[in-house]
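# Structural overview for review
The residues making up each chain are set out below.
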Amino acid sequence: MDFKTDFKPLTVDPDKIYDYSFSIIAEEMGNHDFSEDEWKIVRRVIHASADFELGRSVIIHPNAIQAGVEAIRKGRHVIADVQMIESGTGKKRFQKHGGDVHCYISDPDVMVEAKRLNTTRAIISMQKAVKENEGGIYAIGNAPTALLELIRLIKEGIAKPDLIIGMPVGFVSAAESKEELAKITEVPFITNIGRKGGSTVTVAALNAISLLADS
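Residues numbered from 1 in each chain as written. Predicted model: local features only at pLDDT ≥ 70, side-chain atom pairs only at ≥ 80, totals over all residues. Heavy atoms only, no water.

Within an unreviewed UniProt entry, the label attached to the chain reads Cobalt-precorrin-8 methylmutase, and the organism entered is Peribacillus simplex. Regarding the chain, the relevant UniProt record gives this comment under Pathway (unreviewed entry): "Cofactor biosynthesis; adenosylcobalamin biosynthesis." The record held by UniProt for the chain lists under Sequence similarities (unreviewed entry) the comment "Belongs to the CobH/CbiC family." (UniProt positions renumbered as here; feature names shortened; annotations may be inferred.)

What follows is the structure, given as structure tokens:
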């Protein structure tokens with residue numbers, strides 16, 4: 001294939017592109033304290049963001065990986081705060097075990113209730129999610145209010161997820177919501193420090209967990 005540019009790609013083989021990317025990430029990351037399985041998650045976060053600072057800021061609860069793998073194998077559902085996460089997740093790896101990926105933020109009843117209460121749809125979607133799901137993996141990459149509401153529901157004994165992947169991005173409450181998540185003891189979590197994050201890296205962490213569950 002001729003790209004008609006001065007630069008030519010090393011390869012157009014998708015598998016080799018992944019291999020090259022991961023080797024570059026390992027070389028540039030250098031020494032780190034992540035375990036072998038933790039590194040499989042962190043390197044995918046870096047791969048999705050091209051951000052080593054973000055990767056180094058990832059915090060993984062000691063029980064997070066095991067809890068996530070067991071939840072997937074038990075057929076527990078994934079609850080996403082936004083549809084971008086639902087769209088980007090490899091659903092087949094969850095569906096083969098009996099689970100699926102759900103996002104409630106655009107449900108008509110959620111929109112009506114959020115408008116009635118003058119609050120965010122993200123908050124109401126978390127309230128609906130915990131009513132409709134036992135346990136599950138909560139993947140929050142966009143809405144700090146969703147993460148803060150989920151933490152509130154956990155502290156009040158209303159919710160007990162199997163795992164929270166909470167990596168929302170933004171300038172308003174994003175860093176603070178992740179600080180609160182890192183304080184909880186009731187539920188395993190994967191998060192990061194600071195404003196950076198987003199749906200893309202949340203999906204990357206979630207997909208890494210699902211690949212471990214498949215191995």
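### Thoughts on helix α10 (residues 174-183)
Listed in full, the buried residues belonging to α10 are Ala 174, Ala 175, Ser 177, Lys 178 and Leu 181. All buried residues of α10 project into a common sector of 160° when viewed along the axis, lining one side. In this structure, α10 carries Glu 179 and Lys 183 as exposed residues pointing more than 90 degrees from its buried face. (Buried < 20%, exposed > 50% of the residue type's maximum accessible area, 1.4 Å probe, protein only. Helix = DSSP H or I, 4+ residues; strand = E, 2+ residues; numbered from the N terminus. Arc of directions from axis to C-beta.)

### Considerations on helix α2 (residues 36-49)
Compared with the 20 Å implied by 1.5 Å per residue over 14 residues, the 20 Å span of α2 between its first and last C-alpha is a close match. All of the buried residues along α2 are Glu 38, Trp 39, Ile 41, Val 42, Val 45 and Ile 46. Viewed end-on, α2 has its buried residues packed into an arc of 160°, placing them on one side of the element. Ala 50 lies just past α2 and shows a positive phi near 55°. (Expected span 1.5 Å × (residues − 1).)

### Quick notes on the UniProt feature "domain: Cobalamin biosynthesis precorrin-8X methylmutase CobH/CbiC" (unreviewed entry) in the chain
Under the local residue numbering, the UniProt record ascribes the feature "domain: Cobalamin biosynthesis precorrin-8X methylmutase CobH/CbiC" (unreviewed entry) to residues 17-209. Strand forms 11% of residues 17-209 and helix 56%; the C-alpha atoms that close the span are 21 Å apart.

### Considering the packing of aromatic side chains
Going through the model one piece at a time under the given rule, you end up with 0 aromatic pairs. Seen from the ring of Phe 22, Arg 43 lies directly overhead, with NZ or CZ sitting 4.3 Å from the centre. (Phe/Tyr/Trp six-rings, centres within 6.5 Å; stacked < 30°, edge-to-face > 60°. Lys NZ or Arg CZ within 6 Å of the ring centre and 35° of its normal.)

### Section: the nonpolar core
In this structure, Leu 150, Ile 164 and Ile 190 are the most contacted members of the largest nonpolar core, which totals 65 residues. Not counting chain neighbours up to four residues away, the residues in contact with Leu 150 comprise Met 126, Val 130, Tyr 138, Ile 140, Ala 159, Pro 161 and Ile 164. (Core = buried A, V, L, I, M, F, W, Y, C linked by side-chain atoms within 4.5 Å. Contact = heavy atoms within 4.5 Å.)

### Side note on the pairing of strand β4 (residues 137-140)
Burial of the side chains of β4 extends over both faces: Ile 137 and Ala 139 are buried on one face and Tyr 138 and Ile 140 on the other. For strand β2 (residues 78-80) and β4, the ladder comprises 3 bridges, and the chain directions are parallel. Following the sheet pairing, Ile 79 is matched in β4 by Tyr 138. (Pairing = 2+ DSSP bridges.)

### A look at the pattern of salt bridges
Counted according to the given criterion, the structure contains 14 salt bridges. With a closest N to O distance of 2.7 Å, Arg 76 and Asp 162 form a salt bridge. On the criterion of sequence distance, the pair formed by Arg 76 in the loop between α4 (64-73) and β2 and Asp 162 in the loop between α9 (144-155) and β5 (163-166) is long-range, its members being 86 residues apart. Two residues, Lys 96 and Asp 214, come together in a salt bridge whose shortest N-O distance is 3.3 Å. Of the two residues, Lys 96 sits in the loop between α6 (91-95) and β3 (101-103) while Asp 214 sits in helix α11 (residues 199-214), which places them 118 residues apart along the sequence. Overall, Asp 214 belongs to the partly exposed group, its relative accessible area being 32%. (Salt bridge = Lys/Arg side-chain N within 4 Å of Asp/Glu carboxyl O.)

### A few points about the side chain of Lys 128
Along the polypeptide, Lys 128 turns up in helix α8 (residues 121-132). The buried category is assigned to Lys 128, whose relative accessible area is 17%. In terms of polar contacts, Lys 128 uses its side chain to reach the side chain of Asp 107, at 2.7 Å. Sequence-distant contacts of Lys 128, that is, excluding residues within four places in its chain, are made with Tyr 104, Asp 107, Asp 109 and Val 110. (Polar contact = N/O pair within 3.5 Å; in protein donor to acceptor, adjacent residues only side chain to side chain.)

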